[in-house]
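Survey of secondary and tertiary structure
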Amino acid sequence: MRGLLTFLLVIATFFVSCGSTTAKKSAPAEVPMAVVVPIFNGDSAYSFVEKQVAFGPRVPNSEAHIKCGDWLEDIMRSYGADVVSQRFEVLAYNGDRLSARNIIAQFAPEKRKRVLLCAHWDTRPWADSDPDPSNHYKAIDGANDGGSGVGVLVEIARHLAYAPTEVGVDIVLFDVEDYGIHEKETSAVENSWALGSQYWARLPHKSNYNARFGILLDIVGAPDSKFNVEGISKHYAENIVKKVWAQAKRLGYGNMFVNEDGGYITDDHLYVNRFLGIPCIDIINYDPDSPNGFGPYHHTVKDNMEWISSETLKAVGQTVLNVIYNEK
Ligand SMILES: [Zn+2]
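Below is a short write-up of the structure.

Reading the values: rules and limits
Residues numbered from 1 in each chain as written. Predicted model: local features only at pLDDT ≥ 70, side-chain atom pairs only at ≥ 80, totals over all residues. Helix = DSSP H or I, 4+ residues; strand = E, 2+ residues; numbered from the N terminus. Expected span 1.5 Å × (residues − 1). Buried ≥ 20, exposed ≤ 12 C-beta atoms within 10 Å, placed from the backbone. Arc of directions from axis to C-beta. Contact = placed C-beta atoms within 7 Å. Pairing = 2+ DSSP bridges. Axes fitted to C-alpha atoms, helices over the stretch in contact; angles between N-to-C directions. Core = buried A, V, L, I, M, F, W, Y, C linked by C-beta atoms within 7 Å. Parallel < 35°, antiparallel > 145°, perpendicular 65-115°, else oblique. Left-handed = near helix turned anticlockwise from the far one by under 90°. Nonpolar A, V, L, I, M, F, W, Y, C, P; charged D, E, K, R; others polar.

As a further point, take helix α2 (residues 42-54). Here α2 is 13 residues long and its end C-alpha atoms lie 18 Å apart, about the 18 Å a rise of 1.5 Å per residue gives. Among the residues of α2, those classed as buried are Gly42, Ala45, Tyr46, Phe48, Val49, Gln52 and Val53. Within α2, the buried residues cover an arc of 160° as seen down the axis, which keeps them to one side. For α2, the elements touching its buried residues are α3 (63-78), α4 (143-160) and α8 (310-325). Following α2 by one or two positions, Gly56 has its phi on the positive side, about 100°.

Have a look at this one:
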């Protein structure tokens, strides 16, 4: 009996083995291909912030502004982007006539499915929140306010050069975000901020421009940053907020990307949502429970490289990379 049982077991095993081998060969592969996401380099992003700051404050109509704009166009081209420079004149709230340019770096412009990434590259002409009144009309370095978002996007472009995403990517660098009304001037002026994005959202570089969604990066470089859920983002694009925050959590950055309401910020994404109807979120370091909402350096002469952390740039950049490389 025992011998017969052993024999039958061997036969059974043989058939099972054959069966499973055959099944493996003929069954279609149902395991999804793992997406390879490049490793974002926080030090590289840091160096791109440093490079912008070295030009001096990027205030429209200044020499530093022209030089930095040229550098941004060149570096985006060197990473294989099809660059469109949108030049225009705009009247600021105080009557200043500004020569402005939005820089649009298109990756795989032929693709229909697209994602928009954006930041502002100009810097504030006045340190109007500075504790020292003698600084209230001095221009700021804008390392964090302006420079950090652009630094992250240039580093993302560096990866897009050799590892294309499945969807097309447009990196739009807006001008004249930060020429809004001076804090010490009392008259209310509507829409004095974000003039570059207002221009582009009304008149995009391509007629009928569309993107699946947009991510705006602003003030994303300070050490120990906390990114609350900004109100306009939640109103227009809650599912994109969820997608990005979930990716951050998966990467271990849940302590930075917190699920708490973060107030409403008038920023470039407002006009992308309002005029173009593209759901666009803002990743911004703003905490309504902190003394001034933004950090103590904000709109002061202290917004310099000392407030830039390559760890924070890495957390934001890696999160955005994981989002865009997982888009199909
Ligand atoms: Zn600002």
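Back to the text.
Further remarks concern the environment of Gly254. As for its placement among the helices and strands, Gly254 is situated in the loop between α6 (231-250) and β7 (257-261). Taking the C-alpha atoms as reference points, Gly254 and Ala315, separated by 61 residues in sequence, lie 10.0 Å from one another.

With that settled, consider helix α5 (residues 195-202). Burial of α5 is extensive: 7 of the 8 residues sit out of reach of the surface. Residues of α5 that are buried make contact with β1 (82-91), β2 (97-107), β3 (114-120), β4 (168-174) and α7 (268-276).

Strand order across the open sheet formed by 6 strands is β1-β2-β4-β3-β5-β8, with mixed pairing between neighbours. Among the strands making up the open sheet, the edge pair consists of β1 and β8 (280-284). Direction aside, neighbouring strands of the sheet carry axes that sit 20° apart on average. In this sheet, strand β5 (residues 214-218) lies alongside β3 in parallel orientation, the contact comprising 3 bridges. Bridging from a neighbouring strand, Cys118 pairs with Leu216 of β5. Contacts between α4 and the sheet are confined to β2, β3, β4 and β5, with β3 contributing the most and set at about 145° to the helix. Packing of α7 onto the sheet brings it into contact with β3, β4, β5 and β8, and relative to β8 it is tilted by some 170°.

Now for the pairing of β1. In this structure, β1 lies alongside β2, joined through 10 bridges in antiparallel fashion. Bridged to Leu91 within β2 is Arg97. Adjacent in sequence and paired antiparallel, β1 and β2 are bridged by 5 residues, among which Gly95 carries a positive phi angle near 95°.

Our next topic: the nonpolar core. The tendency in soluble globular proteins is for nonpolar side chains to be buried as a group. Ranked by size, the top nonpolar core spans 83 residues in total, and within it Leu117, Leu153, Ala157, Ile171, Leu173, Leu217 and Ile283 carry the most contacts. Top contributing element to this core by residue count: α4, with 8 residues. Apart from residues no more than four positions distant in its own chain, Ala157 is found in contact with Met76, Tyr79, Ala81, Ala105 and Ile171.

Turning to the packing of α4 against α8, a few remarks are in order. Running from N to C, α4 and α8 cross one another at 50°; their axes reach a closest spacing of 10 Å. Taken together, the axes of α4 and α8 lie oblique to each other. Handedness of the α4/α8 crossing: right-handed. Along its contact with α4, which presents Ser148, Gly151, Val152, Glu155, Ile156 and His159, the element α8 presents Leu313, Val316, Gly317, Val320 and Leu321. Among the residues forming the contact of α4 with α8, the class breakdown is 6 nonpolar, 4 polar and 1 charged.

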